[in-house]
Amino acid sequence: RQRMAIAQVLLHAPVHMAADDVLLAAKAFYPGLSRATVYNTLPLLVEKGLLRVLRIDPVRTVYDSRTDAHSHIYHEDTGEVEDIPTATLQWHGMPPLPAHLEVMGMDVIVRVRQRQPD
């Protein structure tokens, strides 16, 4: 039942959530949910292809319930993550890669913050 509470939070609609956010939200469905269950279930959902991992920075990992290829805007002021519609991005080519490498995907995270007054 604990895993079902986690799934209810993450898989019901597109979301971007850190593990502690998942824990807080899933406790509404299962108040006895343990932190260990959340931290053990998230990698399992990633492994099964139900979530994507966004490594925002060295100390913050966000889980994305949209598993298709898409990019993100990260608001450094608020911690909010939002999707960038794929059709709005334009690529004018990739840098040349050594022959023994192939592109497996491309993850773009655009970091923004509120402008500081002049």
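Predicted model, so just to flag it, every value in this text is computed and none were measured.

**Q** Whenever I open this one, the sheet that holds strand E2 (residues 52-57) confuses me. Can you help?
**A** Consider a sheet: its strands pair through backbone hydrogen bonds, and that pairing is either parallel or antiparallel. Spatially, 3 strands are ordered E1-E3-E2 in an open sheet, and the strand pairing comes out antiparallel. Of all strands in the sheet, those bounded by a partner on one side alone are strand E1 (16-17) and E2. Here 5 bridges tie E2 to strand E3 (residues 60-64), and the two strands are oriented antiparallel to one another. Across the sheet, residue Arg-52 finds its bridge partner in E3, namely Asp-64.

**Q** Please explain the packing of helix H2 (residues 19-26) against helix H3 (residues 35-47) as it appears in this structure.
**A** Packed helix pairs are characterised by how far apart their axes lie and by the angle those axes make with each other. Interhelical geometry of H2 versus H3 gives an angle of 125° and a closest axis separation of 10 Å. Relative to H3, the element H2 is oriented oblique. Handedness of the crossing formed by H2 with H3: right-handed. For the pair formed by H2 and H3, the contact residues are Ala-19, Asp-20, Val-22 and Leu-23 on the first element and Arg-35, Val-38, Tyr-39 and Leu-42 on the second.

**Q** What's the story with the nonpolar core in this structure? I'm lost.
**A** Nonpolar side chains tend toward joint burial in soluble globular proteins. In terms of nonpolar packing, the biggest core is built from 16 residues, with Ile-6, Leu-10, Val-38 and Leu-42 touching the most fellow members. Ranked by size, the runner-up nonpolar core spans 5 residues in total, among them Leu-54, Ile-56, Val-62 and Val-81.

**Q** Just to check I follow, could you spell out the environment of Ser-71 for this structure?
**A** With respect to the element layout, Ser-71 can be found in strand E4 (residues 71-75). Separated by 36 residues in sequence, Ser-71 and Asp-107 place their C-alpha atoms 5.9 Å apart. If near-sequence neighbours (up to four positions away) are discounted, Ser-71 is found in contact with Glu-82, Asp-83, Ile-84, Leu-89 and Val-108.

**Q** Any chance you could explain the sheet that holds E4 here in plain terms?
**A** On the basis of which strands lie adjacent, the open sheet formed by 3 strands has the order E5-E4-E6 and mixed pairing. Each of the sheet's edge strands pairs with one partner strand only, and the pair in question is strand E5 (81-84) and strand E6 (109-112). The mean angle between the axes of side-by-side strands here comes to 25°, regardless of whether they run parallel or antiparallel. Relative to E6, E4 runs parallel, the two being bridged by 4 bridges. Within the sheet, the bridge partner assigned to Tyr-74 lies in E6 and is Arg-111.

**Q** I would appreciate a short explanation of helix H1 (residues 2-11) in the present structure.
**A** An α-helix turns once every 3.6 residues. As a result, residues three or four positions apart point the same way. Those residues of H1 that fall on the buried side of the exposure criterion are Ala-5, Ile-6, Ala-7, Val-9 and Leu-10. Looking at the buried positions of H1, the neighbouring elements they touch are E1, H2 and H3.

Conventions we followed
All residue numbers here refer to positions counted from 1 along the written sequence of the relevant chain. Note on the predicted model: pLDDT of at least 70 is required for a residue's local features to be given, and 80 or more for side-chain atom pairs to be given and counted; whole-chain, interface and lining totals, by contrast, use all residues. Remark: hydrogens and water are excluded; side-chain values derive from all non-hydrogen atoms of the structure. Should DSSP find at least two bridges between two strands, the strands are taken to pair. Only DSSP runs of H or I reaching four residues or more are called helices, and only runs of E reaching two or more are called strands; each is numbered from the N terminus. Axis definition: a line fitted to C-alpha atoms, limited for helices to the stretch in contact. Angles are taken between N-to-C directions and run from 0 to 180 degrees. An angle below 35 degrees is treated as roughly parallel, one above 145 as roughly antiparallel, one from 65 to 115 as roughly perpendicular, and anything else as oblique. It is the rotation of the near helix from the far one that decides the hand of a crossing: anticlockwise by less than a right angle makes it left-handed, clockwise makes it right-handed. In this description, contact between two residues means that some pair of their heavy atoms is separated by no more than 4.5 Å. To qualify as a nonpolar core, a set must consist of buried Ala, Val, Leu, Ile, Met, Phe, Trp, Tyr and Cys residues joined through side-chain atoms within 4.5 Å. Classification of residues uses two cut-offs on accessible area relative to the type maximum, computed with a 1.4 Å probe and protein chains only: under 20% is buried, over 50% is exposed, and between them is partly exposed.

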